[in-house]
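# Inside the fold
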Amino acid sequence: MKTCHICKKEFSEDSSGSVFVEAGEWLSEELWLDAGELCQQCLENRAKLAMMYLHEYNT
Ligand SMILES: [Zn+2]
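These remarks concern the structure in this document. Everything numeric in this text was worked out from a predicted model, so none of it was measured. (Residues numbered from 1 in each chain as written. Predicted model: local features only at pLDDT ≥ 70, side-chain atom pairs only at ≥ 80, totals over all residues.)

## Concerning the overall build of the protein
When you go through the protein residue by residue, the secondary structure sums to 2 helices and 2 strands. Along the protein, helices (α) and strands (β) appear in the sequence β-β-α-α when read from the amino end. Burial analysis of the protein (59 residues in total) assigns 15% to the buried set. Contacts in the protein between residues at least 24 apart in sequence constitute 41% of all its contacts with a sequence separation of at least 6. (Helix = DSSP H or I, 4+ residues; strand = E, 2+ residues; numbered from the N terminus. Buried ≥ 20, exposed ≤ 12 C-beta atoms within 10 Å, placed from the backbone. Contact = placed C-beta atoms within 7 Å.)

## What to know about the nonpolar core
Nonpolar side chains in soluble globular proteins generally cluster together in the buried interior. Listed in full, the 5 residues of the largest apolar core are Leu27, Leu38, Cys39, Leu43 and Ala47. Setting aside chain neighbours within four positions, we find leucine 27 in contact with Trp32, Arg46, Ala47 and Ala50. (Core = buried A, V, L, I, M, F, W, Y, C linked by C-beta atoms within 7 Å.)

## Considerations on unusual backbone geometry
With glycine set apart, most residues show a phi of negative sign, and most peptide bonds adopt trans. A positive phi is found at lysine 8, a non-glycine position, where the angle reads about 70°. Even without being glycine, leucine 33 reaches a positive phi, approximately 55°. Take leucine 33: it is sitting in the loop between helix H1 (19-32) and helix H2 (40-58).

## Points about the environment of serine 12
Position of serine 12 relative to the elements: it lies in the loop between strand S2 (10-11) and H1. Assessed through the 8 C-beta atoms surrounding it within 10 Å, serine 12 is described here as exposed. Residues serine 12 and cysteine 39, 27 residues apart in the sequence, show an inter-C-alpha distance of 7.7 Å.

Okay, here's the thing in C-alpha coordinates:
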(Lines give C-alpha, C1' and ligand atoms only; values in the text may rest on other atoms or scores of the structure.)
Protein backbone atom coordinates (compact mmCIF):
# COMPACT_ATOMS: atom_id res chain seq x y z
CA MET A 1 0.00 0.00 0.00
CA LYS A 2 1.09 3.56 -0.68
CA THR A 3 -0.10 6.79 0.91
CA CYS A 4 -1.70 9.39 -1.30
CA HIS A 5 0.29 12.60 -1.53
CA ILE A 6 -2.86 14.77 -1.51
CA CYS A 7 -5.47 13.18 0.75
CA LYS A 8 -3.13 10.95 2.79
CA LYS A 9 -5.33 7.91 2.31
CA GLU A 10 -3.74 4.54 1.68
CA PHE A 11 -4.25 3.10 -1.76
CA SER A 12 -3.06 0.20 -3.83
CA GLU A 13 -1.70 0.66 -7.30
CA ASP A 14 -3.98 -1.07 -9.74
CA SER A 15 -4.75 0.25 -13.15
CA SER A 16 -8.47 -0.39 -13.34
CA GLY A 17 -9.48 3.22 -13.62
CA SER A 18 -11.83 5.43 -15.55
CA VAL A 19 -10.77 7.59 -18.45
CA PHE A 20 -10.24 10.36 -15.93
CA VAL A 21 -7.84 8.22 -13.93
CA GLU A 22 -5.88 7.50 -17.08
CA ALA A 23 -5.80 11.20 -17.89
CA GLY A 24 -4.72 11.95 -14.34
CA GLU A 25 -1.90 9.45 -14.55
CA TRP A 26 -0.72 11.02 -17.79
CA LEU A 27 -0.84 14.50 -16.22
CA SER A 28 1.07 13.18 -13.20
CA GLU A 29 3.84 11.87 -15.42
CA GLU A 30 3.99 14.78 -17.86
CA LEU A 31 2.97 17.83 -15.85
CA TRP A 32 3.13 17.36 -12.08
CA LEU A 33 5.88 14.72 -12.03
CA ASP A 34 4.34 12.87 -9.09
CA ALA A 35 3.20 9.70 -10.83
CA GLY A 36 2.48 6.90 -8.40
CA GLU A 37 2.03 9.25 -5.44
CA LEU A 38 -1.72 9.82 -5.71
CA CYS A 39 -4.76 7.61 -5.19
CA GLN A 40 -7.18 7.07 -8.04
CA GLN A 41 -9.74 9.43 -6.52
CA CYS A 42 -7.27 12.30 -6.44
CA LEU A 43 -5.98 11.50 -9.93
CA GLU A 44 -9.55 11.55 -11.16
CA ASN A 45 -10.43 14.80 -9.38
CA ARG A 46 -7.33 16.49 -10.66
CA ALA A 47 -7.90 15.28 -14.20
CA LYS A 48 -11.43 16.72 -14.13
CA LEU A 49 -10.16 20.05 -12.83
CA ALA A 50 -7.40 20.09 -15.42
CA MET A 51 -9.85 19.36 -18.21
CA MET A 52 -12.11 22.17 -17.06
CA TYR A 53 -9.16 24.51 -16.84
CA LEU A 54 -7.77 23.48 -20.21
CA HIS A 55 -11.20 23.84 -21.74
CA GLU A 56 -11.46 27.39 -20.44
CA TYR A 57 -7.96 28.06 -21.62
CA ASN A 58 -8.90 27.02 -25.15
CA THR A 59 -11.98 29.22 -25.48
ZN1 LIG B 1 -5.83 10.83 -2.67
